[in-house]
Structures are given as C-alpha cells and as structure tokens.
Amino acid sequence: MPHIHLPEGFPGISAGFVFRPETAKPMRQLAHILLHEPGSLTPGERELIATFVSSRNNCHFCQASHGAAAACHLGDATVVAQVKADFLSAPVSNKLKALLVIAGKVQQDGKLVTPADVEAARNHGATDIEIHDTVLIAAAFCMFNRYVDGLGTWQPGEPEMYAQMGRQLAAEGYLAPSIKEPLEQPVSAG
Amino acid sequence: MLIAAAFCMYNRYVDGLGTDQPDDEALYRERGRRVARDGYVTVSEEYLASHAHTATH
C-alpha cells in the first residue's frame with residue numbers, strides 16, 4: 001500500500017508524478033536529457049546504466065521499465081539480464097564496462113570513485129561528457145529509485161506492462177507520461 | 001521523501017565527479033545567505049553567467 005493517498009491505477013513513479021506535477025516536470029526533463037536526447041552515450045547504453053543502478057538499488061519498477069527500454073533500444077533483452085547479473089562478463093563494450101564500474105560506485109557513495117576508475121574509462125575512449133552523464137545517471141537513479149520505493153508505490157509484476165512502457169519510452173522519451181490513463185489495479189495490490 | 005531522495009542524487013553527483021569542495025566556512029555562510037534570500041535558480045544563474053563570461057574571455 002502507498003504510504004500517502006496517491007492516485008490509484010498509476011504504477012511506480014507515475015503515481016508521484018500525477019500527485020505532484022510541479023516536481024514531475026523537472027524530473028521528467030532531467031530523465032529525458034539524461035536518457036533520450038543525443039550528444040552522449042547511445043540511449044541503449046544510458047538505459048543499461050539506469051537499469052543496472054536500479055537493480056543495485058533493488059527497485060523493481062525502475063529496473064523493469066528501464067530494462068525494457070534498454071532491450072527495445074538494443075533489440076536484445078538477454079544483454080540487459082547479463083548486465084544486471086555480471087556486467088564484466090556481459091557482451092558490452094569495454095568502455096561501457098568501465099563506466100558501469102563508476103556507476104556502481106556512485107550508487108554506493110560518490111567518494112568511492114577513484115582517479116584510476118576515470119582513467120580506465122578514458123583509456124577505453126569515454127569522453128568527459130560520457131563520464132559526467134554516467135555519474136549523473138547513477139546519481140539520479142538513486143533519487144528516482146528511492147522516490148518510487150519510499151512512497152510505497154504500486155509496482156505491478158506483469159512483464160507485459162513493462163514491455164509496453166519500454167517501447168513507449170524508447171520511442172518517445174520522458175517528457176510526456178507513458179501511463180496516460182489509470183490502469184486496473186488489483187484490490188490486493190501492494 | 002522527495003527531498004531525501006533528491007539529496008541522494010545531489011550528494012552522489014557532487015562526490016562522484018570529484019568536485020572541488022572548499023573548507024572555508026565563510027564561503028558556505030555567504031552562499032547560504034544568498035540561497036535563503038534569492039533561491040536556487042537565481043544563485044545558479046549568477047554563477048553560470050559568470051562562467052560563460054570567463055569561458056569567452
């Protein structure tokens with residue numbers, strides 16, 4: 001059960017967004033710039049970082065929805081599961097592996113990131129913007145994940161809902177709601 | 001809850017980038033006064049403008 005009176009039928013973060021549109025707007029804009037707009041890592045790589053951090057934070061809604069968006073961008077759901085389970089042996093570039101090392105440290109505490117971690121990413125071709133965005137994606141998902149879980153939002157288990165969200169997010173980004181109408185919510189939900 | 005969550009972001013962003021974090025308490029007292037009086041948008045607009053000025057000269 002949500003801890004406050006959130007609108008019914010809106011899963012995960014969409015409940016907080018509908019409840020408080022003033023804070024939803026800059027949060028959506030931040031997600032859109034970080035995950036969708038060009039000028040950085042590919043959207044698929046950025047969604048993988050978001051999924052990985054959400055998995056480390058144990059947030060079901062965020063890892064399922066961003067994992068679905070990553071799978072859609074990459075055309076491959078297997079790599080998403082591999083990155084969550086053991087990214088060092090996943091079939092992703094050495095640059096992304098080095099950036100995931102940084103993201104994993106930021107998820108715990110930004111002070112754990114060492115100059116050697118950043119140097120390793122640079123040696124694999126990461127630019128300063130890509131390193132910056134990795135840090136901010138990891139940090140932002142420490143916010144989004146805690147927001148979703150701290151409010152006690154409804155987080156459905158059905159994979160099909162997340163697959164549909166993932167397609168929508170991969171195509172349209174984050175400025176407009178991906179859940180436009182309340183969904184049917186089981187009475188026992190939560 | 002959102003303040004707590006947002007500061008989990010801001011803290012990690014500041015530390016994860018290895019930013020310069022001065023020890024001088026007077027600097028934080030002055031910044032605190034300006035943020036309390038003018039808010040965060042105005043204060044950041046001021047230093048963003050001064051950075052743009054520095055970068056072009």
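Nothing here was measured: the structure is a model prediction, and the numbers come from that model. (Residues numbered from 1 in each chain as written. Chains lettered and ligands numbered in written order. Predicted model: local features only at pLDDT ≥ 70, side-chain atom pairs only at ≥ 80, totals over all residues.)

Engineer: Before we move on, can you summarise the overall build of chain B with the specific residues and values?
Structural biologist: Regarding its fold elements, chain B presents 3 helices and 0 strands. Secondary structure elements of chain B occur, N-terminal to C-terminal, as α-α-α. Taking 10 Å as the expected radius of gyration for a compact globule of 57 residues, we find that chain B reaches 14 Å, considerably beyond that expectation. Burial status across chain B gives 11% buried among its 57 residues. (Helix = DSSP H or I, 4+ residues; strand = E, 2+ residues; numbered from the N terminus. Rg over C-alpha atoms; globule rule 2.2 N^0.38 Å. Buried ≥ 20, exposed ≤ 12 C-beta atoms within 10 Å, placed from the backbone.)

Engineer: Help me get a handle on the interface of chain B and chain A, residues and values and all.
Structural biologist: Each side of the interface is counted separately: chain B has 15 residues, and chain A has 18 residues. When the residues that make up the side of chain B that touches chain A are grouped by side-chain class, the tally is 10 nonpolar, 3 polar and 2 charged. (Contact = placed C-beta atoms within 7 Å. Nonpolar A, V, L, I, M, F, W, Y, C, P; charged D, E, K, R; others polar.)

Engineer: So what's going on with unusual backbone geometry? Which residues, and what values?
Structural biologist: A positive phi angle, close to 60°, is found at Asn58 of chain A, a residue other than glycine. Note that Asn58 of chain A resides in the loop between α3 (43–56) and α4 (60–74).

Engineer: Mind laying out helix α9 (residues 159–172) of chain A, listing which residues take part and the relevant values?
Structural biologist: Residues and elements named next belong to chain A. Here α9 spans 20 Å end to end across 14 residues, near enough to the 20 Å set by a 1.5 Å rise per residue. Among all positions in α9, only Tyr162, Met165, Gly166, Leu169 and Ala170 are buried. All buried residues of α9 lie within an arc of 130° about the axis, which places them on one face of the element. Turned more than 90 degrees off the buried face of α9, the exposed positions are Glu160 and Ala171. On its buried side, α9 packs onto α4. (Expected span 1.5 Å × (residues − 1). Arc of directions from axis to C-beta.)

Engineer: Tell me what's going on with the nonpolar core, and back it up with residues and numbers.
Structural biologist: Grouped burial of nonpolar side chains is what soluble globular proteins tend to show. All names here are of chain A. Core analysis: the largest hydrophobic core is formed by 55 residues, its most contacted members being Ile49, Leu99, Ile102, Ala103, Ala138 and Phe141. Residue contributions to this core peak at 12 residues, all from helix α8 (residues 128–150). The contact partners of Leu99, leaving out residues within four places of it in the chain, are Ile49, Ala121, Ala126, Glu130 and Thr134. (Core = buried A, V, L, I, M, F, W, Y, C linked by C-beta atoms within 7 Å.)

Engineer: Now, about the packing of helix α6 (residues 94–108) of chain A against helix α7 (residues 115–123) of chain A: what can you tell me, with residues and values included?
Structural biologist: All names here are of chain A. Where α6 meets α7, the axes come as close as 8 Å, and the angle between the chain directions of the two elements is 155°. As the angle between them shows, α6 and α7 are arranged roughly antiparallel. In this structure, α6 crosses over α7, and the sense of that crossing is left-handed. Here α6 contributes Lys95, Ala98, Leu99, Val101, Ile102 and Lys105 to the contact with α7, which in turn contributes Asp117, Val118, Ala120 and Ala121. Classifying every residue of the contact of α6 with α7 by side-chain character gives 7 nonpolar, no polar and 3 charged. (Axes fitted to C-alpha atoms, helices over the stretch in contact; angles between N-to-C directions. Parallel < 35°, antiparallel > 145°, perpendicular 65-115°, else oblique. Left-handed = near helix turned anticlockwise from the far one by under 90°.)

Engineer: Summarise the environment of Val83 of chain A; cite the residues concerned and give the values.
Structural biologist: Residues and elements named next belong to chain A. Relative to the assigned elements, Val83 resides in helix α5 (residues 78–86). With 24 C-beta atoms packed within 10 Å, Val83 lands in the buried category. Along the primary structure Val83 and Ile13 are separated by 70 residues, whereas in three dimensions their C-alpha atoms are 23 Å apart. Those residues in contact with Val83 that sit more than four places away from it in its chain are Leu48, Thr51, Phe52, Ala90 and Val92.

Engineer: An account of the packing of α3 of chain A against α5 of chain A is requested, with residue identities and associated values reported.
Structural biologist: Residues and elements named next belong to chain A. Remark: α3 packs on α5, axes separated minimally by 9 Å, with the N-to-C direction vectors making an angle of 45°. Here α3 is positioned oblique relative to α5, judged by the angle of their axes. Taken as a pair, α3 and α5 cross one another with a handedness that is right-handed. Contacts between α3 and α5 involve Leu48, Thr51, Phe52 and Ser55 from the former and Val80, Val83 and Lys84 from the latter. Among the residues making up the contact of α3 with α5, the classes are represented as 4 nonpolar, 2 polar and 1 charged.

Engineer: Pulling in residues and values, what's your account of the environment of Phe87 of chain A?
Structural biologist: Residue and element names in this part refer to chain A. Within the secondary structure, Phe87 is located in the loop between α5 and α6. Phe87 sits 99 residues away from Pro186 along the chain, and the two C-alpha atoms are 35 Å apart. Sequence-distant contacts of Phe87, defined by excluding residues within four places in its chain, comprise Phe52, Val92, Lys97 and Leu100.

Engineer: Tell me about the confidence of the model for chain B, and please be specific about residues and values.
Structural biologist: Residues and elements named next belong to chain B. Averaged over chain B, the pLDDT score is 92; the fraction of residues at 70 or greater is 95%. Mean pLDDT across the elements of chain B ranges from a minimum in helix α3 (residues 40–55), with 85, to a maximum in helix α1 (residues 2–16), with 98. The ipTM, which scores confidence in the relative placement of chains, is 0.94 for this predicted complex, and the corresponding pTM is 0.95. (pLDDT = per-residue confidence, 0-100.)

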